2 protein chains.
Amino acid sequence: NIRNLGMEKVAMTVDFPCKYASSGCEVTLRYTHKTEHEETCEFRPYSCPCPGASCKWQGTLDAVMPHLMTAHKSITNLQGEDIVFLATDINLPGAVDWVMMQSCYGHHFMLVLEKQEKLDGHQQFFAIVQLIGTRKQAENFAYRLELNGPKRRLTWEATPRSIHEGVSSAIMNSDCMVFDSAIAHMFADKGNLGINVTVSMCNCS
Amino acid sequence: NIRNLGMEKVAMTVDFPCKYASSGCEVTLRYTHKTEHEETCEFRPYSCPCPGASCKWQGTLDAVMPHLMTAHKSITNLQGEDIVFLATDINLPGAVDWVMMQSCYGHHFMLVLEKQEKLDGHQQFFAIVQLIGTRKQAENFAYRLELNGPKRRLTWEATPRSIHEGVSSAIMNSDCMVFDSAIAHMFADKGNLGINVTVSMCNCS
Ligand SMILES: [Zn+2]
Ligand SMILES: [Zn+2]
Ligand SMILES: [Zn+2]
Ligand SMILES: [Zn+2]
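So, here is what we can say about the structure in this document.

Thresholds applied
Every chain is numbered independently, its residues counted from 1 as its sequence is written. Chain labels run from A onward and ligand labels from 1 onward, assigned in the order the entries are written. Only residues with pLDDT of at least 70 get local features here, since the model is predicted, and only at 80 or more are side-chain atom pairs given and counted; chain-wide, interface and lining totals rely on the full set of residues. With hydrogens and water excluded, all non-hydrogen atoms of the structure serve as input to the side-chain values. By convention in these notes, a salt bridge is any Lys or Arg side-chain nitrogen within 4 Å of a carboxyl oxygen on Asp or Glu. Each residue is placed in one exposure class: buried if its accessible area under a 1.4 Å probe, protein chains only, is under 20% of its type's maximum, exposed if it is over 50%, and partly exposed if it falls in between. Only nitrogen, oxygen and sulfur atoms qualify as donors, provided they sit within 2.8 Å of the metal or within 3.2 Å for Na, K and Ca; with water excluded from the atoms, sites may seem incomplete. Every angle between 85 and 135 degrees makes a four-donor site tetrahedral, while opposite donors more than 155 degrees apart, with all other angles between 65 and 115, make a four-donor site square planar and a six-donor site octahedral; other sites are irregular. Per the convention used, a helix needs a DSSP run of H or I reaching at least four residues, while a strand needs a run of E reaching at least two, with both numbered from the N terminus. For the purposes of these results, a polar contact is taken to be a pair of N or O atoms within 3.5 Å, where, inside protein, one atom must be able to donate a hydrogen and its partner to accept one; residues adjacent in sequence count only when each atom of the pair is a side-chain atom. Here the arc refers to the set of directions running from the helix axis out to each C-beta atom. Whether two residues touch is decided by their heavy atoms; if any such pair falls within 4.5 Å, the residues are in contact.

## Side note on the pattern of salt bridges
One pass over the full model with this rule turns up 18 salt bridges over all chains. As a salt-bridge pair, Arg-161 of chain A and Glu-165 of chain A come within 3.8 Å of each other at their nearest N and O atoms. By relative accessible area, which is 31% here, Glu-165 of chain A ends up partly exposed. One salt bridge connects Arg-135 of chain B with Glu-165 of chain B, and the closest N-O pair in it is separated by 3.6 Å.

Here's what the structure looks like:
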C-alpha cells in the first residue's frame, strides 16, 4: 500500500477539464470536485426519460422530444396546465409504469406513475413529474398531484425534477407522491386511477 | 349437525330488542340485523379515545371529556380551527403514539399520529383526526393535515372519524394521512415534526 505522494500532490493542485469538454463545457476543476461537477454538468448527455431503463438512447436536450415522438409514439400527450393523468388497470400484478406527457407554458412535462411490489406482496405507488428541460428551468415551475375520492383528498406539491437528474432517486427517497394499494383502491374507479395534475409557474427561485 | 328448524324460523321472524335497550335504545330488529345495528347503535357506550387501548374506560359521550381531563391530564389542548400539531422525537424506536386535543366550533377533536414498525424495520406514520362526538356530528366537519417542507407539501383532507367508531380501522385501511420515515425526515426539523391541522365546517352531508 505505497502511496505516490508526488502524484497525489499534482492531483490536488492541478485543474482538470470536465469530461464533457468536447461537448462544450469549459469548466476545469481540482480532481476531487471533478466527479461531483460531472454528475450535474449541463453538457452531460440526456438519457431517455422513460422509466424502466429499457431504452438506452442518449442525446442532447433538443433531441429528447423528437426521440420520444418517434421511439415512444404510444405515450399520450395532453395540452394544458391542469389535466387528468388516467392510469388504467392499476391492479395489474408486478411492477408497472404509467407514463403521460403534459404540455404547457411552452414546455413538456412527463408524468410518471410507478408501482413497485415488495417481496412480501406489499404494493406501493409513486407519482412524480419531470420537466423535459434543465434543472435550472425546472426551478421555475411547481406541480400539484391530487387524488380525489368520496370526501377524501390526497395532495402532493413540489418542484418538478429535470429529466437530467431523472426520477429514480426521488422515488427511492419517497420524494414524490407515495401511496399504497389500499389508498389506490379508495380513489380508483373500476381499477382506473385518475390523478389531477396541475403545473404552475413560480417565482420561487 | 341437526338444525333446529323450528327455532331458526322464530329467529327469522321475531324482532329482538337492541342489547343497549337499557341505555335507552328503542330499536327492535330481526336477529340477522342485530349485530350490525349494535355495532353502530348510538347508545353503545363510548370507549376512551386514546390510542393504544391501554385505558379500559367506557362511558357516555358526555363523560368522555371529563375522563380525558382527569385521567389523561398530560394531553395538550389547543384552541382554534388552525393549529400546529408538533410531534417531538419522531425517531424514537418502536411503535409510538402522539396525541393532541384541538377545540373549535364548540367541539373537541383528538389528533393522533401513530408510528408503526414492521418486522423488517420499515416504519410507517399514520395521522388522523377524530371528533369527540357522534358519527352524525362528525359528518358536519372536514379536516386538513398538511406537512410543509422546502418547496414540498403533502396534504390529506377527509371527514373526521367519530370516537364512537375510533381510528384503528381507518389506520389499518390507510384511510388517513400515511407516510414513511423518509418523508417524515424530509418534513421534520431536528426530529420534530409539525403537522398543520385545519378543521372546517362543511355543508356536505
Ligand atoms: Zn462540465
Ligand atoms: Zn427512449
Ligand atoms: Zn341500539
Ligand atoms: Zn382513558
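## Some thoughts on the coordination of the zinc ion (ligand 4)
All names here are of chain B. At the metal site, the zinc ion (ligand 4) is ligated by Cys-48 (SG), Cys-55 (SG), His-67 (NE2) and His-72 (NE2), and these contacts range over 2.0 to 2.3 Å. Taken together, the four donor atoms coordinating the zinc ion (ligand 4) span angles of 102 to 120 degrees at the metal, a pattern that classifies the geometry as tetrahedral. Counting along the primary sequence, the residues that act as donors to the zinc ion (ligand 4) give the motif C-x6-C-x11-H-x4-H. Of the two residues, Cys-48 sits in the loop between strand 3 (46-47) and strand 4 (58-59) while His-72 sits in the loop between helix 3 (64-71) and strand 5 (77-79), which places them 24 residues apart along the sequence.

## Here's the deal with the side chain of Ser-103 of chain A
By the secondary structure assignment, Ser-103 of chain A is in strand 7 (residues 96-104). At a separation of 3.1 Å, a polar atom in the side chain of Ser-103 of chain A contacts the side chain of Asn-77 of chain A.

## Some details on helix 2 (residues 31-40) of chain A
Residue and element names in this part refer to chain A. Of all the residues in helix 2, the buried ones are Lys-34, His-37 and Glu-38. The buried residues of helix 2 occupy an angular sector of 95 degrees when projected down its axis, which confines them to one face. Exposed side of helix 2, more than 90 degrees from the buried face: Thr-32, Thr-35, Glu-36 and Glu-39 are the residues found there. The elements touched by buried residues of helix 2 are strand 1 (15-17) and strand 2 (28-30).

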